[in-house]
Structures are given as C-alpha cells and as structure tokens.
Amino acid sequence: MSGAGKKVADVAFKASRTIDWEGMAKVLVTDEARREFSNLRRAFDEVNTQLQTKFSQEPEPIDWDFYRKGIGSGIVDMYKEAYDSIEIPKYVDNVTPEYKPKFDALLVELKEAEQKSLKESERLEKEIVDVQEISKKLSTMTADEYFEKHPELKKKFDDEIRNDYWGY
C-alpha cells in the first residue's frame, strides 16, 4: 500500500474511535437536527469503511510467469519492464500547513464560545430557579418582599413617583 493511502486510512480509523457520537447526539434538541446528525454519521461511516477497505490492502503481486506461459516471454518482459519503470510520485501535503493555523484558531474560538455558552447556561438555570421560586411565592408575597429581591425596580418606581410620571 502506498504511504499516503495508509496514512489516510489510519487517520480515518483513529478519528472514528475518538468521536463521541453518543455525547453529541445527547445535545441535539430538534428532530431535524437529529436527522441531519444521523445523515452525517452515516456518511462518515461510509467514507471510513471505504477508506479502510480500499487503502488498507496491499495490491496482489503480478504473477509474471503465469502470463509468460500464456502469451510469450517477449511481450510479458516488455510489460514487466514498463510496469517496473513506473514511479508513483509521493503525495506532498501542501494544504494542511496552509489551513492548520486557521483550524487551530477556530478551535480556540470554539472553546471560548463553549465557555461563554456554559456560563450563560448556568446564569439561565439560576434565573429559572428564581422564577420558579417567585411563582410559588407570588400569591403570598408583598411588594416590599419583591422589591427586596429586585432593588432596581423599586428605585425605578420611586423615581417615577417622585417625578410625577405615571406612564402617560
């Protein structure tokens, strides 16, 4: 097998082991997102299978003696010489060095966005707890108790009353 083909197959195999498909599936909310994710996983598996089968096998060597018996040694030797003279150029990766810094920058940006998202999720979780707590106590809560929790609203209402602004 060629070195580049084997390398591609190895990378694809390693990638398939390190992807947390179940973890990503748990994050999806809508049915459309689940369908798209399923399509992505199926396409990835198909490509990975093709890479494993096509690039992981060495080609069988040519049995030149078999052809010499059937065709004759002159023409087979000519083909063998031509076959042996073929040089397959090594793959030189010019793309990865160009896009690796961009990809790394995107990974950093992704981590920052993930942290922001987690902080926002925490804030929203706390806000949900507060709203649930208030909704339970709302029927027995006085205005003073509410304003204790929300002093900015008390200030706003006091300013409006002080300035004779009654909303019209």
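This write-up is about the structure you can find in this document.

Rules behind the numbers
Residues numbered from 1 in each chain as written. Predicted model: local features only at pLDDT ≥ 70, side-chain atom pairs only at ≥ 80, totals over all residues. Heavy atoms only, no water. Helix = DSSP H or I, 4+ residues; strand = E, 2+ residues; numbered from the N terminus. Buried < 20%, exposed > 50% of the residue type's maximum accessible area, 1.4 Å probe, protein only. Contact = heavy atoms within 4.5 Å. Areas by Shrake-Rupley, 256 points an atom, 1.4 Å probe, with all protein chains shown as cover. Salt bridge = Lys/Arg side-chain N within 4 Å of Asp/Glu carboxyl O. Phe/Tyr/Trp six-rings, centres within 6.5 Å; stacked < 30°, edge-to-face > 60°. Axes fitted to C-alpha atoms, helices over the stretch in contact; angles between N-to-C directions. Nonpolar A, V, L, I, M, F, W, Y, C, P; charged D, E, K, R; others polar. Patch = residues over 30% accessible without salt bridge, like charges linked within 9 Å, V, L, I, M, F, W, Y side chains within 5 Å.

1. Here we look at the overall build of the chain
The helix and strand tally for the chain stands at eight helices and zero strands. With 168 residues in all, the chain has 8% of them scored as buried. Taking contacts inside the chain between residues at least 6 apart in sequence as the whole, the part at least 24 apart equals 47%. Per element, the accessible surface of the chain, about 15000 Å² overall, is 58% carbon and sulfur.

2. Description of the pattern of salt bridges
Enumeration according to the criterion identifies 13 salt bridges in this entry. For the salt bridge of glutamate 22 with arginine 41, the shortest nitrogen-to-oxygen distance reads 3.7 Å. On the criterion of sequence distance, the pair formed by glutamate 22 in helix α2 (residues 21-27) and arginine 41 in helix α3 (residues 31-55) is long-range, its members being 19 residues apart. The partner of glutamate 133 in a salt bridge is lysine 149, with the nearest N and O atoms 2.9 Å apart. Note that glutamate 133 is positioned in helix α6 (residues 95-137) and lysine 149 in helix α7 (residues 143-149), a separation of 16 residues in sequence.

3. Brief notes about the packing of aromatic side chains
Counted by the stated rule, this structure contains six aromatic pairs. Centre to centre, the rings of phenylalanine 66 and tyrosine 67 are 5.3 Å apart; their planes meet at 80°, and the pair counts as edge-to-face. On the basis of relative accessibility, which here comes to 56%, the residue phenylalanine 66 falls in the exposed class. Since its relative accessible area comes to 40%, tyrosine 67 is described here as partly exposed. One aromatic cluster is present, formed by Trp21, Phe37 and Phe44 through successive ring pairs.

4. A word on the environment of tyrosine 146
Among the secondary structure elements, tyrosine 146 is positioned in helix α7. The class for tyrosine 146 is partly exposed, based on a relative accessible area of 27%. The sequence separation of tyrosine 146 and isoleucine 134 amounts to twelve residues, and the corresponding C-alpha distance is 8.6 Å. When residues no more than four places from it in sequence are discounted, the contact partners of tyrosine 146 are Ile134, Met141 and Leu153.

5. A short note on the packing of helix α4 (residues 64-71) against helix α5 (residues 73-85)
Between α4 and α5, the shortest axis-to-axis distance is 8 Å and the interhelical angle comes to 145°. Here Trp64, Tyr67, Arg68 and Ile71 of α4 come into contact with α5, specifically with Ser73, Ile75, Val76, Asp77, Tyr79, Lys80 and Tyr83. Tallied by class, the residues present in the contact of α4 with α5 amount to seven nonpolar, one polar and three charged.

6. A short note on a nonpolar patch on the surface
A cluster of nonpolar residues, Ile62, Phe66, Tyr67, Ile71, Ile75, Met78, Tyr79, Tyr83, Ile86 and Ile88, forms a patch on the protein surface that exposes about 1100 Å² of accessible area. Of all elements in the fold, only α4 and α5 reach the threshold of two or more residues within the nonpolar patch. It is α5 that provides the largest number of residues to the nonpolar patch, a total of four residues. Taking the relative accessible area as the measure of exposure, isoleucine 88 reaches 74% and is therefore exposed.

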